[in-house]
Protein chains: 2
Amino acid sequence: MKRRDFIKATGLGGLAVSSAALAAPVVAPVVQPHKTYKWKMVTSWPKNFPGLGAGAEFLAKIINDLSDGQLQIKVYGAGEIVPAMEVFDAVSQGKVEMGHSASYYWRNKGAVNQFFTTIPFGLTAQEMNAWLYYGGGMDLWREAYEHHGLIPTAAGNTGVQMAGWFNREINDIQDLSGLKMRIPGFGANALTAAKGTVVTLAGGELFSALQSGAIDATEWVGPYNDLAFGLYKIAKYYYYPAWHEPGSTMECMINKKAYESLPKQLQNIVTYASRVANQDMLAEFTAKNGQALHTLVNEHRVDLRPLPFAVLKQMRQYVDEAIRNEAAKDPFTQKVYDSIEQFRQQVSAWHDVSERAYMNMRALINDSKKFDYCTPVVEEARPPTV
Amino acid sequence: MKRRDFIKATGLGGLAVSSAALAAPVVAPVVQPHKTYKWKMVTSWPKNFPGLGAGAEFLAKIINDLSDGQLQIKVYGAGEIVPAMEVFDAVSQGKVEMGHSASYYWRNKGAVNQFFTTIPFGLTAQEMNAWLYYGGGMDLWREAYEHHGLIPTAAGNTGVQMAGWFNREINDIQDLSGLKMRIPGFGANALTAAKGTVVTLAGGELFSALQSGAIDATEWVGPYNDLAFGLYKIAKYYYYPAWHEPGSTMECMINKKAYESLPKQLQNIVTYASRVANQDMLAEFTAKNGQALHTLVNEHRVDLRPLPFAVLKQMRQYVDEAIRNEAAKDPFTQKVYDSIEQFRQQVSAWHDVSERAYMNMRALINDSKKFDYCTPVVEEARPPTV
């Protein structure tokens, strides 16, 4: 407490105190502590859900730890205050102060929102963070959310996901025709172009929808979260890689007025705590997806398969068309897309000689099991173009 | 300020105040503000050096922002208080409260220290963070530093580095024989086994050593930092990938007594601020290495080359032997090595179908320039073993 605050709190500021009061033994004055803020955070995740839900809980804990309890956040699962898909409105309208979700769920509020989670064939988690913090991404995201009365932060990342669970084999692009699948973001546009049917469902509804036959396929996150939902019990094929979600950024959104009511220190705490949560979720998924994949394949005998390259190539064409069309409708969306594309080109040239070259070399040296487009080859050295 | 602290500060705690004092107009009591801590952070980086040095400065800023100035850290470049390679001793002995460096510089204090930066053919940045925060790595690191009176945090990561700058071509393993090279950590053991000569130099000395012919080759970090040192002016060949440093974790070390003298909230701030800095440096390097590589190749016409696969395979054998020998000398070192190895095996199986498969697929689809072991191939689908 600063001196000025103390004086105000105790009412002693520069005033003489009556002698009647002073004659009595002095009772220790009641000192007003720092104003405590109690906030609610609604989420799009089932209560106590591993990974995504745990990430929201951890964010609340970091804020509490950093502020010594001055800013206390209570986390609510999907449906406790508002349903999973109403998190945006609840925070935007000030019903609650904070939300934890993913921006691509809000395409109906503006097509541009999808770009801040991930775009198909786009950036990995490490590349997304580079774009957000050092490529202008966060500024664009703040601009996109501003007129909704929201301040966004990146507050988690799943890493490269899985392509999803399918009750039928996918051998060519025709196999997607008529397929009823839950898939968000621009991946949904590609499925529509391939004559599939897009179904919108929150995570908590996936198991029963797949079991009842309401859907034929679903993507969710990756081995760790997919194992938790038991999706292996009701879908035979588990496809990779996640062409549609190469590094999905989870979001924390803060009601702008609530944020502005905080002292500067607590604003900093919310911002930096999000960055800790952003990194932490990726570390958790990276560690636990490894264990969960091992369990799925070796205990539950899941049929792990690569999507055929020709299917992926076709989906890429569909996706590009969908994104270009969407971006062309609005200059700001175009600006965001151009920013990501330019960043992707430069960062993938660098990752060709660093992350990707290293991982391929390591796999080759360790004689890692070779399968489809994961297999690196040793060729004559040729100078790359960067 | 808590009530108890206030009472102590003002001396009013439960005591009657003499009537003489009370008869006079009450002067507003002098309230002790929060105690302010002013700390020094020494670093192994040249003053104001981009990337690594900027990371240390940013860590200090985050701590200042989060504590509202209650914990103020002044950052010193290498040689300002102590030389680059005396950071460990300075913090351990309590000469200063904090240091920013890399644990593999301290192999003379204990071979185990090398494992907490990176090991050759080991974990990438994303995998290191997963191991540190969710694979038991941080606990082991704390244990390793405990008897030096130090508390370590992970406070930056360079991502996959480059193999280095060479004044001669490396076509087979014999080309390393007689080579005088600056290379830290276990990579140095492999060079020695290949009959090269290891030279220990701080970053600031590299340019002149390479220029004078005191060394024939040096690794440093990656395009962004290497460009800043101007290494392209004096060495012809720039080799990749960094077999010896696939994701180096930078460290913040805190004098244990100094840390324990902090209130719990400031301790939390130091820990979480390190995690922000850890993520931030990786994002910065990822973004800026892309730009710098483009400049090096297209403006400065640097000869960018892959190390021959046969050389890497041989270095891997040398490295394994060196690490196994070192680990066998001491049960704790063995424990740390086993922990990393077990983690690497599981996480690379996961990354085979996620990060690596995705990046290869993206490169294929974008018809990215193909060169040596970066080139993915499309094969018949085969179920992988995980």
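Nothing here was measured: the structure is a model prediction, and the numbers come from that model.

*Asks:* Can you explain the overall build of chain A? Please cite residues and give values.
*Replies:* Counting secondary structure elements, chain A contains 14 helices and 12 strands. Sequence-distant contacts in chain A: of pairs separated by 6 or more residues, those separated by 24 or more amount to 76%. In the structure as shown, chain A presents an accessible area of about 14,200 Å², 49% of it carried by carbon and sulfur atoms.

*Asks:* Go over the nonpolar core, please, and point to the residues and values.
*Replies:* Core analysis: the largest hydrophobic core is formed by 204 residues, its most contacted members being Trp243 of chain A together with Trp243 of chain B. Ignoring sequence-local partners within four residues, the contact set of Trp243 of chain A consists of Pro120, Phe121, Ala163, Ile183, Gly187, Ala190, Leu307, Leu312, Met315 and Val319 of chain A together with Tyr358 and Met361 of chain B. Residues Leu59, Leu71 and Ile269 of chain A together with Leu262 of chain B belong to the second largest nonpolar core, which totals 56 residues.

*Asks:* An account of helix H5 (residues 125–134) of chain B is needed here, citing residue identities and associated values.
*Replies:* Across the 10 residues that make up H5 of chain B, a large majority, nine, are buried. Gly136 of chain B sits one or two positions beyond H5 of chain B and adopts a positive phi of about 90 degrees.

*Asks:* Can you explain the environment of Leu293 of chain B? Please cite residues and give values.
*Replies:* Relative to the elements of secondary structure, Leu293 of chain B occurs in helix H11 (residues 264–298). For Leu293 of chain B, a relative accessible area of 1% translates into the label buried.

*Asks:* So what's going on with the sheet that holds strand S5 (residues 164–166) of chain B? Which residues, and what values?
*Replies:* Residues and elements named next belong to chain B. Strand order in the open sheet formed by six strands is S7-S6-S8-S5-S9-S11, with mixed pairing between adjacent strands. Among the strands making up the open sheet, the edge pair consists of strand S7 (197–199) and strand S11 (303–306). Direction of pairing for strand S9 (residues 237–240) relative to S11: parallel, over a ladder of four bridges. Across the sheet, the residue bridging to Tyr239 is Arg305, located in S11.

*Asks:* An account of helix H11 (residues 264–298) of chain A is needed here, citing residue identities and associated values.
*Replies:* In this model, H11 of chain A (35 residues) spans 51 Å end to end at C-alpha, consistent with the 51 Å of a helix rising 1.5 Å per residue. The sharpest bend along H11 of chain A reaches about 25 degrees and sits at Asn289 of chain A.

*Asks:* Break down the pattern of salt bridges for me, with residues and values.
*Replies:* Residues and elements named next belong to chain A. All told, the structure shown has 36 salt bridges over all chains when counted by the stated rule. Between Arg168 and Asp216 there is a salt bridge; the shortest N-O distance is 3.6 Å. Remark: Asp216 occurs in the loop between helix H8 (206–212) and strand S8 (217–218) and Arg168 occurs in the loop between strand S5 (164–166) and strand S6 (180–182); sequence separation between them is 48 residues. Asp216 gets classed as buried once you look at its relative accessible area, which sits at 10%.

*Asks:* Describe the packing of helix H13 (residues 331–353) of chain B against helix H14 (residues 355–365) of chain B, naming the residues involved and giving the relevant values.
*Replies:* All names here are of chain B. Viewed as axis vectors pointing N to C, H13 and H14 meet at an angle of 30 degrees, and their least axial separation amounts to 3 Å. By the angle class used here, H13 and H14 are roughly parallel. When H13 is examined against H14, the residues His351, Asp352 and Val353 are found in contact with a partner set consisting of Glu355, Arg356 and Ala357. Classifying every residue of the contact of H13 with H14 by side-chain character gives two nonpolar, one polar and three charged.

*Asks:* Pulling in residues and values, what's your account of the pairing of strand S2 (residues 71–76) of chain A?
*Replies:* All names here are of chain A. Across six bridges, strand S1 (residues 37–43) lies against S2 in parallel orientation. Directly across from Lys40, in S2, lies its bridge partner Lys74. Since S1 and S2 lie parallel, the crossover through helix H3 (residues 52–66) that links them has a hand, and here it is right-handed.

*Asks:* Pulling in residues and values, what's your account of the packing of aromatic side chains?
*Replies:* Taken as a whole, this structure holds 36 aromatic pairs over all chains when the rule is applied. Ring centres of Trp45 of chain A and Tyr105 of chain A lie 6.3 Å apart, and the angle between their planes is 55 degrees; this geometry places the pair in the tilted category. Separated by 60 residues along the polypeptide, Trp45 of chain A in the loop between S1 and H3 and Tyr105 of chain A in the loop between strand S3 (98–101) and helix H5 (125–134) bring together distant segments of the chain. In terms of burial, Trp45 of chain A and Tyr105 of chain A fall into one category: buried. Taken together, a centroid distance of 5.4 Å and an interplanar angle of 85 degrees make the contact between Phe166 of chain B and Tyr239 of chain B edge-to-face. Here Tyr239 of chain B lies in strand S9 and Phe166 of chain B lies in strand S5, a separation of 73 residues in the sequence. Per residue, the accessibility class of Phe166 of chain B equals that of Tyr239 of chain B, and both read buried. Lying across the ring of Phe186 of chain A, Arg107 of chain A places its NZ or CZ 6.0 Å from the centre.

*Asks:* Describe the sheet that holds S1 of chain A, naming the residues involved and giving the relevant values.
*Replies:* Residues and elements named next belong to chain A. Here we have five strands laid out as an open sheet, ordered S2-S1-S3-S10-S4, and mixed in their pairing. The sheet is open, and its two borders are formed by S2 and strand S4 (150–157), each paired with just one other strand. Between one strand axis and the next, the sheet turns through 25 degrees on average, direction left out of account. Pairing analysis gives six bridges linking S4 to strand S10 (residues 249–255), with the strands arranged antiparallel. Residue pairing in the sheet places Leu150 in a bridge with Asn255 of S10. Against the sheet, helix H6 (residues 137–146) touches S4 and S10, its axis set at about 135 degrees to S4.

*Asks:* Tell me about the confidence of the model for chain A, and please be specific about residues and values.
*Replies:* Per-chain confidence: chain A averages 89 in pLDDT, with 86% of residues scoring 70 or above. Confidence drops under a pLDDT of 50 for residues 1–32 of chain A, and excluding neighbours within four residues, the segment shows 38 contacts in the predicted structure.

*Asks:* Give me the lowdown on unusual backbone geometry, citing residues and values where you can.
*Replies:* A cis amide bond, omega -10 degrees, links Tyr240 of chain A with the succeeding residue Pro241 of chain A. Tracing the backbone through its elements, the reader meets Pro241 of chain A in the loop between strand S9 (237–240) and S10. Of note in the backbone geometry, Phe121 of chain A takes a positive phi value of approximately 60 degrees without being a glycine. Within the secondary structure layout, Phe121 of chain A lies in the loop between S3 and H5. Phi is positive for Asp68 of chain B, close to 55 degrees, though the residue is something other than glycine. Within the element layout of this structure, Asp68 of chain B appears in the loop between helix H3 (52–66) and strand S2 (71–76).

Calculation rules
- Residues numbered from 1 in each chain as written.
- Chains lettered and ligands numbered in written order.
- Predicted model: local features only at pLDDT ≥ 70, side-chain atom pairs only at ≥ 80, totals over all residues.
- Heavy atoms only, no water.
- Helix = DSSP H or I, 4+ residues; strand = E, 2+ residues; numbered from the N terminus.
- Contact = heavy atoms within 4.5 Å.
- Areas by Shrake-Rupley, 256 points an atom, 1.4 Å probe, with all protein chains shown as cover.
- Core = buried A, V, L, I, M, F, W, Y, C linked by side-chain atoms within 4.5 Å.
- Buried < 20%, exposed > 50% of the residue type's maximum accessible area, 1.4 Å probe, protein only.
- Pairing = 2+ DSSP bridges.
- Expected span 1.5 Å × (residues − 1).
- Bend = angle between axes of the 7 residues up to and from the residue.
- Salt bridge = Lys/Arg side-chain N within 4 Å of Asp/Glu carboxyl O.
- Axes fitted to C-alpha atoms, helices over the stretch in contact; angles between N-to-C directions.
- Parallel < 35°, antiparallel > 145°, perpendicular 65-115°, else oblique.
- Nonpolar A, V, L, I, M, F, W, Y, C, P; charged D, E, K, R; others polar.
- Right-handed = clockwise from strand over helix to strand, strands pointing away.
- Phe/Tyr/Trp six-rings, centres within 6.5 Å; stacked < 30°, edge-to-face > 60°.
- Lys NZ or Arg CZ within 6 Å of the ring centre and 35° of its normal.
- pLDDT = per-residue confidence, 0-100.

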